[in-house]
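Per-entry structural report
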Amino acid sequence: MKGIPDQHFVEDQSFDLEDWLPITASRNANWYYSAFHNVTAIVGAGVLGLPYAMSELGWGPGVVVLILSWVITLYTLWQMIEMHEMFEGRRFDRYHELGQAAFGKKLGLYIIVPLQLLVEISVCIVYMVTGGKSLKNVHDLAVGDDKCTKIRIQHFIMIFASSQFVLSLLKNFNSISGVSLVAAVMSVSYSTIAWVASLRKGATTGSVEYGYKKRTTSVPLDFLSALGEMAFAYAGHNVVLEIQATIPSTPENPSKRPMWKGAVVAYIIVAFCYFPVALVGFQTFGNNVEENILESLTKPKALVIVANMFVVIHLLGSYQVYAMPVFDMIESVMIKKWHFSPTRVLRFTIRWTFVAATMGIAVGLPYYSALLSFFGGFVFAPTTYFIPCIMWLILKKPKRFSLSWCINWFCIILGLVLMIIAPIGGLAKLIYHIQKGTLPNSKCKLPKH
């Protein structure tokens, strides 16, 4: 497999690597592919943690951050879509290719590739944890959780991961369209169940406290970690160019038109999922809400079990949406730089190794909220909030002090502040839980290895 490619590969001069790689192998998508892929990419683990983030921020700051994040990320998503083919006859099918156009061939790779890989790998790790937690919630609700059972969350994470070994065999982005569509429907379904069940419970709930509550080391650090949790909720930018790459494009009908149409539909759905869950969930449970809103809900039992299963089904597809660009990047390097032959053995080896690695990290660090806040601030803020704006200023060159120039600099400054302060709270929370040796909101001690 390694070394000189096989004879067929050498002699077939018509072979185009872009037709084999998972991102560009198929370009027959349309606007509704854009819609459900973006919903699957954006609405994920983050939505279930929004009420908890609201409880750490408080009503005023929480609502401001929630709305401002939605507006800013919709704007930067539009920028990414516009820049996808801003030069005639050329498409930037991957985030790092656009970065190279803006920052230079080498510097663009050094800036974008590490950040994008960290984002996509961190999302896959968090989805492993969330999938495991949701499966455990189903188990606990079905059989009761009065006592710590012998089945730990780590076992549920491995059960969830087993399905990813199978789904990772799907060869390209469009081949996971069916999985992604089902995942998008599931995300709307469990979000709706979460806020409707919370609203129903709120009618019977007594007094609720909304003041700041120390959860880890200090209230200010909890506040900072909540900013990262909010940032994690908007992660779709890291795969938006890859999604757009699956849409055909001509000078008469550029891909940005159906892509933007789908993105607008997706963001309307995102608002329908995020705002009610965050506001109704916090209104109902106040500062006693759990990290995952579904953990605060126990009745109606059957409906909450169904909601948790919907989360699992959604994460099956969402994991693949974020893993596919990683597969694309690694497969490209293995073939172009290290001269491996483009075979199924290579593809399966890369993908199964990735799934096993993310599973292993998730089993070792099953801390949902801490992972959200740390990764959300450290890697999501740059790729979502301000790097698109920097590239826009470099490539589009808006007039100094014009409205576009001012908006972009506002987003850049805000994103930089978020990147600096949010990981502090997330890291403090992660260290706190590791030192305590317990899973958040659980009486069970972590197993000793």
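The structure under discussion appears in the preceding block.
Attention in this report is confined to the structure presented alongside it. Keep in mind it's a predicted model, so treat the numbers as computed, not measured. The numbering scheme is per chain: residues are counted from 1 as the chain's sequence reads. Only residues with pLDDT of at least 70 are given local features in this predicted model, and only at 80 or more are side-chain atom pairs given and counted; all residues enter the totals for whole chains, interfaces and linings. Computation of side-chain values covers all heavy atoms of the structure but excludes hydrogens and water.

**Structural notes on the overall build of the protein**
Helix and strand assignments follow DSSP, with helices taken as H or I runs no shorter than four residues and strands as E runs no shorter than two, numbered in order from the N terminus. Broken down by element type, the protein carries 17 helices and 0 strands. Relative accessibility decides the category of a residue: with a 1.4 Å probe and only protein chains considered, values under 20% of the type maximum give buried, values over 50% give exposed, and everything between is partly exposed. Every one of the 449 residues in the protein was classed for burial, and the buried ones make up 57%. For the protein, the share of sequence-separated contacts (at least 6 apart) that also reach a separation of at least 24 residues comes to 86%. When checking whether two residues touch, look at their non-hydrogen atoms; a contact exists if any pair is within 4.5 Å.

**Examining a positive patch on the surface**
Together, K105, K106, K336 and K337 make up a region of like positive charge exposed at the surface. Position of K105 among the secondary structure elements: in helix 7 (residues 105-143). Two joining distances apply to patches: 9 Å for like charges and 5 Å for nonpolar side chains (Val, Leu, Ile, Met, Phe, Trp, Tyr), and every residue must have over 30% relative accessible area and no salt bridge. In this description, accessible areas are obtained by the Shrake-Rupley approach with a 1.4 Å probe, and a residue is regarded as covered only by the protein chains that are shown. Here a salt bridge means any side-chain nitrogen of Lys or Arg lying within 4 Å of a carboxyl oxygen belonging to Asp or Glu. Charged-residue counts in this description rest on Lys and Arg as positive and Asp and Glu as negative, His and the chain ends being excluded. Charge coordinates come from a single atom per side chain, which is NZ of Lys, CZ of Arg, CG of Asp or CD of Glu.

**Regarding helix 4 (residues 50-57)**
Counting buried positions along helix 4 yields 8 of 8 residues, so the element is predominantly enclosed. Of all the residues in helix 4, the buried ones are L50, P51, Y52, A53, M54, S55, E56 and L57. One or two positions beyond helix 4, positive phi appears at G58, with a value near 95°.

**What to know about the nonpolar core**
Counting 120 residues, the largest nonpolar core has M128, Y274 and M391 as its most contacted members. Looking at this core, the element that brings in the most residues is helix 14 (residues 301-336), giving 14 residues. Discounting chain neighbours no more than four positions away, the residues touching M128 are I157, F160, A161, Q164, Y319, V355, T358, M359 and A362. As used in this record, nonpolar core signifies buried Ala, Val, Leu, Ile, Met, Phe, Trp, Tyr and Cys residues forming a set joined through side-chain atoms within 4.5 Å. L17, W20, M334 and I350 belong to the second largest nonpolar core, which has 8 residues in total.

**Here's the deal with the pattern of salt bridges**
For side chains of opposite charge, pairing can occur when their charged atoms come near one another. A full pass over the atoms with the stated rule returns 11 salt bridges. With a closest N to O distance of 3.4 Å, E82 and K256 form a salt bridge. Residue E82 is located in helix 5 (residues 59-83), and its partner K256 is located in helix 12 (residues 256-285); the two are separated by 174 residues in the primary sequence. Within this structure, E18, R94, E97 and D328 form a network of salt bridges that share partners.

**Things to note about a nonpolar patch on the surface**
Together, V64, L68, F410 and L414 give the surface a local cluster of nonpolar side chains, amounting to about 320 Å² of exposed area. Counting only elements with at least two residues in the nonpolar patch, the list comes to helix 5 and helix 17 (403-436). Relative to the helices and strands, V64 is located in helix 5.

**Quick word on unusual backbone geometry**
Its identity is not glycine, yet K397 carries a phi of approximately 50°, on the positive side. Relative to the assigned elements, K397 resides in the loop between helix 16 (368-396) and helix 17. On the basis of relative accessible area, K397 is assigned to the exposed category, the value being 62%. Positive phi values are uncommon outside glycine, yet F401 reaches one of about 70°. Here F401 shows up in the loop between helix 16 and helix 17.

**Here we look at the packing of aromatic side chains**
Any two of the Phe, Tyr and Trp rings considered here, Trp counted by its six-membered ring, make a pair once their centres fall within 6.5 Å; the pair's planes then place it as stacked at under 30 degrees, edge-to-face at over 60, or tilted in between. The full count for this structure, using the stated rule, is 20 aromatic pairs. With a centroid separation of 5.4 Å and 40° between ring planes, the pair formed by Y33 and F36 is classed as tilted. Taken together, the residues Y33 and F36, both in helix 2 (residues 31-42) and 3 residues apart, mark about one turn of the helix. Accessibility expressed as a relative area gives 9% for F36, which makes it buried. Aromatic rings pair up to connect W70, Y234, Y267, Y274 and F275 into one cluster. Each ring is checked for a lysine NZ or an arginine CZ that lies within 6 Å of its centre and within 35 degrees of its normal; such an atom marks a charge sitting over the ring. Note that K261 overlies the ring of W31, its terminal NZ or CZ placed 4.5 Å from the centroid. Cation over ring: R347 sits above W20, and NZ or CZ is 3.9 Å from the ring centre.

**Considering helix 6 (residues 95-103)**
Of all 9 residues in helix 6, 7 are buried; the element is thus mostly enclosed. All of the buried residues along helix 6 are Y95, H96, E97, L98, G99, A102 and F103. Note on helix 6: the residue one or two positions beyond its end, G104, has a positive phi of about 110°.

**Remarks on the environment of V182**
In this structure, V182 sits in helix 9 (residues 177-202). Residue classification places V182 among the partly exposed residues on the basis of a relative accessible area of 40%. Measuring from C-alpha to C-alpha, the distance between V182 and F36 comes to 8.8 Å, with 146 residues separating the pair along the chain.

**Concerning the state of the cysteines**
Note on disulfides: each one is a pair of cysteine sulfur atoms within 2.5 Å. The tally for this structure, following the rule as stated, stands at 0 disulfides. For the unlinked cysteine C389, the closest cysteine sulfur is that of C411, found at 4.2 Å.

**As for the packing of helix 14 against helix 15 (residues 344-364)**
Close contact between helix 14 and helix 15 brings their axes to 10 Å; oriented N to C, the two are set at 130°. It follows that helix 14 is oblique to helix 15 by the angle criterion. Two packed elements cross with a definite hand, and for helix 14 against helix 15 that hand is right-handed. In this structure, helix 14 uses Y319, A323, M324, V326, F327, I330, E331, M334 and I335 to contact helix 15, whose residues at the interface are L346, R347, I350, R351, F354, V355 and T358. Only the contacting stretch of a helix is used when fitting its axis, a line to C-alpha atoms as for every element, and angles between N-to-C directions run 0 to 180 degrees. Orientation categories follow fixed angle ranges, with anything under 35 degrees roughly parallel, anything over 145 roughly antiparallel, 65 to 115 roughly perpendicular, and all other angles oblique. Here a crossing is taken to be left-handed if its near helix is turned anticlockwise relative to the far helix by less than a right angle, and right-handed if that turn runs clockwise.

**Some points on the environment of V119**
As for its placement among the helices and strands, V119 is situated in helix 7. For the pair V119 and F380, spaced 261 residues apart in sequence, the C-alpha to C-alpha distance is 6.3 Å. Ignoring anything within four residues of it in the chain, the contact list for V119 reads N238, V379, F380 and T383.

**Side note on the packing of helix 11 (residues 237-244) against helix 12**
The relative placement of two packed helices is expressed as an angle between their axes plus a distance between the axes. The contact between helix 11 and helix 12 brings their axes to 11 Å, and the two run at 140°. Here helix 11 is positioned oblique relative to helix 12, judged by the angle of their axes. The chirality of how helix 11 crosses helix 12 is right-handed. Contact residues: helix 11 offers H237, V240, I243 and Q244, while helix 12 offers K256, M259 and Y267.

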